[in-house]
Amino acid sequence: MGQQKKMEFLQKCHAGLQQPAPFSDEIEVDFSKPYVRVTMEEASRGTPCDRPVRVYADGIFDLFHCGHARALMQAKNLFPNTYLIVGVCSDELTHNFKGFTVMNENERYDAVQHCRYVDEVVRNAPWTLTPEFLAEHRIDFVAHDDIPYSSAGSDDVYKHIKEAGMFAPTQRTEGISTSDIITRIVRDYDVYARRNLQRGYTAKELNVSFINEKKYHLQERVDKVKKKVKDVEEKSKEFVQKVEEKSIDLIQKWEEKSREFIGSFLEMFGPEGALKHMLKEGKGRMLQAISPKQSPSSSPTRERSPSPSFRWPFSGKTSPPSSPANLSRHKAAAYDISEDEED
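Residues numbered from 1 in each chain as written. Predicted model: local features only at pLDDT ≥ 70, side-chain atom pairs only at ≥ 80, totals over all residues. Heavy atoms only, no water.

- Per an unreviewed UniProt entry, the recorded name for the chain is choline-phosphate cytidylyltransferase, and the organism is Canis lupus familiaris.
- What the UniProt record of the chain gives under Function (unreviewed entry) is the line "Catalyzes the key rate-limiting step in the CDP-choline pathway for phosphatidylcholine biosynthesis."
- Listed under Catalytic activity (unreviewed entry) in UniProt, the entry text for the chain is "phosphocholine + CTP + H(+) = CDP-choline + diphosphate". (UniProt positions renumbered as here; feature names shortened; annotations may be inferred.)

Re the UniProt feature "coiled-coil region" (unreviewed entry) in the chain
Next, step 1: Here the UniProt-annotated "coiled-coil region" (unreviewed entry) positions come out as residues 215-242.
Next, step 2: Counted over residues 215-242, helix gives 100% and strand 0%. Its end C-alpha atoms are 40 Å apart. (Helix = DSSP H or I, 4+ residues; strand = E, 2+ residues; numbered from the N terminus.)

Thoughts on the pattern of salt bridges
Next, step 1: Summed over all chains, the structure comprises twelve salt bridges.
Next, step 2: Aspartate 140 is the salt-bridge partner of arginine 51, the closest N and O atoms lying 3.2 Å from each other. Taken together, the residues span a long stretch of sequence, with arginine 51 in the loop between helix H2 (40-45) and strand E1 (53-59) and aspartate 140 in the loop between helix H6 (131-136) and strand E4 (141-145) at a distance of 89 residues. Side by side, arginine 51 and aspartate 140 carry an identical accessibility label, which is buried.
Next, step 3: For the salt bridge of aspartate 188 with arginine 187, the shortest nitrogen-to-oxygen distance reads 3.7 Å.
Next, step 4: Looking at arginine 187, the relative accessible area reads 60%, which means it is exposed.
Next, step 5: One salt-bridge network, held together by shared partners, links Asp25, Glu26 and Arg123. (Salt bridge = Lys/Arg side-chain N within 4 Å of Asp/Glu carboxyl O. Buried < 20%, exposed > 50% of the residue type's maximum accessible area, 1.4 Å probe, protein only.)

Digging into unusual backbone geometry
Next, step 1: Backbone geometry at arginine 138 places phi at a positive 50 degrees, although glycine is not the residue there.
Next, step 2: Topologically, arginine 138 is positioned in the loop between H6 and E4.
Next, step 3: Despite not being glycine, asparagine 207 shows a phi value in the positive range, around 60 degrees.
Next, step 4: You can see asparagine 207 is positioned in the loop between helix H9 (189-198) and helix H10 (210-269).

Written out as structure tokens, the structure is:
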């Protein structure tokens, strides 16, 4: 039986993550069973699955933001087994005791319903918690930040809850609140007015005068021109930067190629380069080819062959080898013959 109840409780919790939290006036409560509050010690130690600690947190929850969600998360995690009930005050109470809201009560109810930490939502929650309200909703503890909340003629509306030992403090999230968000909008009113005019809202819907409407449109055009100029400047900077980077790359590549070229040139034409060795080898081969080979000293001497015999023209006789004296006589005779022919 205990295991079945545990499964039903887990199924209920799982369903709560898939659907919005129900309203309290839509839940049937069995009042025939007596309700006994748990103590802080019992709640901290952990309660049975079918008897969760019922924690109540209330608020306005206008412009529901992360500060609200964090406060409800803390309330949900106060005890190991917590059932979180959240009360949302109506427009009438809020406008009377705190001020005008941006969102109406139905929008605020719906926003709280869709927070994952909430198990139940109380609509039209009271401004001050009465014993009858606490008994009706079977509340064990009330969660809120510990800062005294002065309102409705009281220095702290949670004073009697604290005195009864039912108060469980949570921490506020600094830097975010509904008032902070409204302050941002009011401070930058012109920006948001221009934004909504640009998105199609009319000046009447924004409660903007004719003059201000024209002023906002003019400012919008000026901002567009400024944006274009800024874009051109940024693109020009990017282009110059790219050119500088490419120039640096080209210079580096040129230096590398120059070193390679100089190294190759020196290897070919340097003092000890390949060309010098090639010229030396070529010169040696040329000298070797031009100069005659020296005959060895031990080679035998050759006999000089006899001079070829001289043959006179138109003569069948071959003259003997001429001696130097005969050659002189022949020359003189040839000279006399040539003179006679001239005469």
